[in-house]
Amino acid sequence: MDAPVTLESPDCLVCGGRTFRTVLRDVRDLVWRKPGTFTLQQCDGCGLVVTRPRPATDVLGFYYENAYSGEAQDGMRRFQTESGLMRLINRYRLAVVQRVRKLGGEDRLLDVGCSYGGFLRVAREGTGCVTAGIDFDAGSIERAVDKAVTEYRTGALVDADYAPGSFTVITFFESLEHHPDPVAALVRARELLAPGGLCVVEVPNWGGFWRRVFGRTWLPLLVPQHLVHFTPATLRQAFEKAGFRRMERQQTMFFPLEGVASLGLWLGRLLRMPPPGSKPSWRTPFDVSVGLGLLALYFAFEIPSQALLRLVGAAGHQIAVARRD
Ligand SMILES: [Zn+2]
């Protein structure tokens, strides 16, 4: 399996700057194990960190094949819609939104990058709001949950013909960093929001503690699927560039799937560098014992460490809520 060769190096996606400095080299896809070695660069003008050069839009599909859907679909669907971990994370997301404004039956919520609809289910059951979802990945939408009550579409937000002003809340959970032009996606979200509507973005936090410790084996890096790596400051700049002038809330986020999982990737890279294109394997007694050790560490360490990092504002994920004027 050869890596597609179509790469592009666009100007800065937030400020339009043309000069960058390299901040991380030799970054590989350690999760889905797609081939290719990537570099992360930081804009001299605004500080935005991006995967650069990056796969061109027309070959991005290659990096998603059998990853977010396809072969991994059944397990991933169960994880996203039924696992205790994802239900916990989705309830946390909803709680952050509701700290800004309580949602109810009159709210119309669009989740961009909705995958199988796990968050939409939690939001609808928790508040009675009307739900819609859109995702680039046809495999996820095909098998999305609650199709009788949630309107789903496949494709990119910028191309979708929703009526302007037709939503009161638009959410991007771990999805804005996948958009080739995140500012254009936020501009489109702003057009689709009714006046006073909320735009909610959750992305990894490049400024977080574990990213500094683990570097290229930091789990939320997910290169090359992640094209942009926001800090709280650059995320705020992206919102401002898209015309959102009021930030209602911005915080780092409790997300208990970071430190121990990054340690697992680091160990995997240290002990046995997987050849590019190979599938993850947990079949040998060695793999199983390392896995069990990590699982024990997870229960002892991950939740308290995430709570602590959240308190000091250095967790590896962040969530921001902006209001349309
Ligand atoms: Zn810039």
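Quick look at the structure, then. (Residues numbered from 1 in each chain as written. Predicted model: local features only at pLDDT ≥ 70, side-chain atom pairs only at ≥ 80, totals over all residues.)

## A short note on the packing of helix α6 (residues 182-192) against helix α8 (residues 232-241)
Closest axis-to-axis distance for the α6/α8 pair is 8 Å, and the angle between their directions is 50°. Here α6 lies oblique to α8, going by the angle between them. For the pair α6 and α8, the crossing hand works out as right-handed. Contact residues: Pro182, Val183 and Leu186 in α6; Ala238, Phe239 and Lys241 in α8. (Axes fitted to C-alpha atoms, helices over the stretch in contact; angles between N-to-C directions. Helix = DSSP H or I, 4+ residues; strand = E, 2+ residues; numbered from the N terminus. Parallel < 35°, antiparallel > 145°, perpendicular 65-115°, else oblique. Left-handed = near helix turned anticlockwise from the far one by under 90°. Contact = placed C-beta atoms within 7 Å.)

## Quick look at the nonpolar core
The tendency in soluble globular proteins is for nonpolar side chains to be buried as a group. Counting 56 residues, the largest nonpolar core has Ile170, Leu186, Cys199 and Val200 as its most contacted members. For Leu186, the residues in contact, after removing those within four places along its chain, are Cys199, Ala238, Phe239, Ala242 and Phe244. Formed by 14 residues, the second largest nonpolar core is a distinct cluster that contains Phe38, Leu40, Phe214 and Val223. (Core = buried A, V, L, I, M, F, W, Y, C linked by C-beta atoms within 7 Å. Buried ≥ 20, exposed ≤ 12 C-beta atoms within 10 Å, placed from the backbone.)

## Remarks on the sheet that holds strand β2 (residues 20-27)
With antiparallel pairing, the four strands of this open sheet are ordered in space as β2-β3-β4-β11. Among the strands making up the open sheet, the edge pair consists of β2 and β11 (228-229). As paired elements, strand β3 (residues 38-43) and strand β4 (residues 49-51) share three bridges and run antiparallel to each other. Considered in β4, the bridge of Leu40 is made with Thr51. (Pairing = 2+ DSSP bridges.)

## Some remarks on the sheet that holds strand β6 (residues 108-112)
A sheet is described by the order of its strands in space; here seven strands give the open sequence β8-β7-β6-β9-β10-β13-β12, paired in mixed fashion. Edge positions in the sheet fall to β8 (150-154) and β12 (246-253), since each has one partner strand and no second. Here the strands of the sheet are splayed against their neighbours by 15° on average, with no regard to which way each runs. In the sheet, strand β7 (residues 130-135) pairs with β8 via five bridges, with the strands oriented parallel. Paired with Thr131 across the two strands is Thr150, which belongs to β8. On top of the sheet, α8 reaches β10 (193-204), β12 and β13 (317-323); it is set at about 25° to β13, its chief contact.

## Brief notes about the environment of Ile141
Within the element layout of this structure, Ile141 appears in helix α5 (residues 138-142). Of the residues examined, Ile141 has 21 C-beta atoms within 10 Å and is grouped as buried. Separated by 176 residues in the primary sequence, Ile141 and His317 have C-alpha atoms spaced 25 Å apart. With sequence-adjacent residues up to four places away left out, Ile141 is seen in contact with Asp135, Tyr152 and Thr154.

## Describing α8
For an α-helix the count is 3.6 residues per turn, leaving residues at separations of three or four pointing the same way. For α8, the complete set of buried residues consists of Thr234, Leu235, Ala238 and Phe239. Around the axis of α8, the buried residues are gathered within 150° of arc, so they sit on the same side. Contacts made by the buried residues of α8 are with α6, β10, β12 and β13. Directly after α8, the chain includes Gly243, whose backbone phi takes a positive value near 100°. (Arc of directions from axis to C-beta.)

## A short note on the pairing of β13
Where burial is concerned, most of β13 is hidden: six out of the seven residues are buried. Direction of pairing for β10 relative to β13: antiparallel, over a ladder of seven bridges. Bridge pairing in β13 links Pro204 to His317. Across seven bridges, the pairing between β12 and β13 is antiparallel. Along β13, the bridge assignment pairs Gln251 with Ile319.

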